[in-house]
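Residue-level structure breakdown
So you can see what is in the structure, the chains are spelled out below.
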Amino acid sequence: MKAEDLAARYRIDKGKDFRLDKVDPSDTAGLDIEKDEAKELLAENLDDMRKQQERLYAEGKWSILIILQAMDAAGKDSAIEHVLSGINPQGCDVHSFKAPGPVELNHNFLWRHQLVVPPRGRIGIFNRSHYEEVLVVRVHPELLEAQSLPEELAGKDIWETRFEDIRNFESQLANNGTVVLKFFLHTSKDEQARRFIDRIDEEDKNWKFSPSDMAERAFWDDYMHAYEDMIGNTARPHAPWFVVPSNNKWFSRLVIAAALVSAFKEIDPKFPDVSDDEKRRMKEAREILAAEIEGGRK
Ligand code: ATP
Ligand code: MG
């Protein structure tokens, strides 16, 4: 299976009527990690990413913003680890967004994200993002109150306004050379329970378990509703969502890498052209260098 086909299968780029139950969190597109095809595809994608990222960096025109959203224990961290294993860490920045502090609450909700969008030539990864505003803040309205918005701006239609602001933010990025790729790692509620149990049973994983994770789990249905509405309202051709079946971690990594590889194919970054004059200078430099090495070099 080609990377583009795999990515296209989970790509949502329009549609208010998006339904989450259309994507099975256990789907693996007929692939099996025990079989060679899936392993080869993973290795090929990583190899491809490595080559393309070097061109992206050298060309210095485009940038890529990867946004990861998910319920707890869906595998955001390990997805990041995997994507990073395919690229030069020097060309990539990861930003993790936790609950906003007082300074952040004194600014609009997009401010802290705008500050760290990737510059040309680089890949930025947002581990959680501005989308928390229409997820956790929507599920817990008291978080909106903490933002001290003027009352007339915090009415019932606030979520419509938030979606509009997010769409505008992302079109502005796209119009200026940032490719925006958004991933929802879609796990089932049962799979989350299994992963929490592992975190409790295995001592080395205890640190990953927090009682607040249980509290958020109790809001599962509210979150799913918020995710569905968010994807329907913010999936656009220039800023698509990928709803990634993530009950199997190897598969979610495969889809993320495939989406990145197909994005690279579209922008097709190239090493900068070398002019005749630059070639001449390099030739001269080469002659000088070769003469400097003892005994010379042909
Ligand atoms: P882990 O997988 O390690 O649990 P995590 O991304 O869940 O990683 P945590 O420190 O557990 O990291 O949680 C960060 C918390 O910050 C999340 O509960 C998230 O909802 C919250 N958060 C992020 N952005 C906002 C926001 N804008 N408003 C309120 N809460 C936010
Ligand atoms: Mg957490």
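Refer to the structure above for everything that follows.
Summarised in this report is the structure supplied together with it. From a predicted model like this one, the values you see are computed outputs, not experimental measurements. (Residues numbered from 1 in each chain as written. Chains lettered and ligands numbered in written order. Predicted model: local features only at pLDDT ≥ 70, side-chain atom pairs only at ≥ 80, totals over all residues. Heavy atoms only, no water.)

Our next topic: the overall build of the chain. Scanning the chain from N- to C-terminus turns up 13 helices and 6 strands. Reported as C-alpha extents along the three principal axes, the dimensions of the chain are approximately 75 × 50 × 40 Å. By residue count, 45% of the 298 residues in the chain fall in the buried class. For the chain, the share of sequence-separated contacts (at least 6 apart) that also reach a separation of at least 24 residues comes to 81%. Surface accessibility of the chain: about 16200 Å² in total, with carbon and sulfur atoms responsible for 50%. Charge-centre separation for the chain: the mean point of 43 positive side chains lies 4 Å from the mean point of 56 negative side chains. (Helix = DSSP H or I, 4+ residues; strand = E, 2+ residues; numbered from the N terminus. Buried < 20%, exposed > 50% of the residue type's maximum accessible area, 1.4 Å probe, protein only. Contact = heavy atoms within 4.5 Å. Areas by Shrake-Rupley, 256 points an atom, 1.4 Å probe, with all protein chains shown as cover. Lys, Arg positive; Asp, Glu negative; His and termini not counted. Charge placed at Lys NZ, Arg CZ, Asp CG, Glu CD.)

To continue, consider the site of ligand 1. Around ligand 1, 13 residues are found, and the nearest of them are Asp72, Lys76, Lys98, Arg128 and Glu132. One of the side-chain nitrogen or oxygen atoms of lysine 98 is found 3.0 Å away from an oxygen atom of ligand 1. Within the backbone of alanine 99, a nitrogen or oxygen atom sits 3.1 Å from an oxygen atom of ligand 1. Of all the secondary structure elements, the ones that give two or more residues to the shell around ligand 1 are helix H3 (76-85) and helix H6 (136-139). (Near = heavy atom within 4 Å. Polar contact = N/O pair within 3.5 Å; in protein donor to acceptor, adjacent residues only side chain to side chain.)

Before going further, it helps to examine the sheet that holds strand E6 (residues 241-245). The mixed open sheet is built from 6 strands, whose spatial order is E1-E6-E5-E2-E4-E3. Two strands close off the open sheet at either side, each with one partner strand: strand E1 (11-12) and strand E3 (92-96). Pairing of E3 with strand E4 (residues 123-127) involves 5 bridges; the strand directions are parallel. Looking at E4, one finds that valine 94 is bridged to isoleucine 125. Here helix H11 (residues 220-234) sits on the sheet in contact with E1, strand E2 (63-70), strand E5 (178-186) and E6, set at roughly 140° to E6. (Pairing = 2+ DSSP bridges. Axes fitted to C-alpha atoms, helices over the stretch in contact; angles between N-to-C directions.)

Side chains of residues three or four places apart in an α-helix project in the same direction, reflecting 3.6 residues per turn. Residues Ala3, Leu6, Ala7 and Tyr10 constitute the buried set of helix H1 (residues 3-10). Seen from one end, H1 has its buried residues packed into an arc of 95°, which puts them on one side. On the buried face of H1, the contacting elements are E1, helix H2 (36-59), E6 and helix H12 (249-267). (Arc of directions from axis to C-beta.)

This paragraph deals with the layout of surface pockets. Size it by volume and the second largest pocket reaches roughly 280 Å³. What lines the second largest pocket is a set of 19 residues, and nearest its centre among them are Arg11, Val179, Leu181, Ala263 and Glu266. Among the elements of the structure, H1, E5 and H12 are those that each provide at least two residues to the lining of the second largest pocket. Per-element accounting of the lining of the second largest pocket gives the leading share, 5 residues, to H12. Residues of the lining of the second largest pocket, tallied by class, amount to 13 nonpolar, 3 polar and 3 charged. (1 Å grid on protein atoms, 1.4 Å probe; cavity = no way out; pocket = protein on both sides within 12 Å on 5 of 7 lines; lining within 4 Å. Points joined across faces, edges and corners; volume = space filled by probe spheres on them. Nonpolar A, V, L, I, M, F, W, Y, C, P; charged D, E, K, R; others polar.)

Turning to empty space enclosed by the protein, a few remarks are in order. Evaluation of the coordinates by the stated rule reveals 1 cavity of 30 Å³ or more. Within this model, the largest cavity holds a volume of roughly 30 Å³. For the largest cavity, the full set of lining residues is Ile66, Leu68, Ala79, Ile80, Val83, Ile125 and Ile256. It is H3 that provides the largest number of residues to the lining of the largest cavity, a total of 3 residues.

So, about the side chain of arginine 217. Note on placement: arginine 217 falls in helix H10 (residues 211-217). Among buried charged residues, arginine 217 stands out as having no salt bridge; its nearest opposite-charge side chain is aspartate 190, 5.3 Å away. In terms of polar contacts, arginine 217 uses its side chain to reach the side chain of glutamine 192, at 2.9 Å. Setting aside anything within four residues of it in sequence, one finds arginine 217 in contact with Lys189, Gln192, Ala193 and Phe196. (Salt bridge = Lys/Arg side-chain N within 4 Å of Asp/Glu carboxyl O.)

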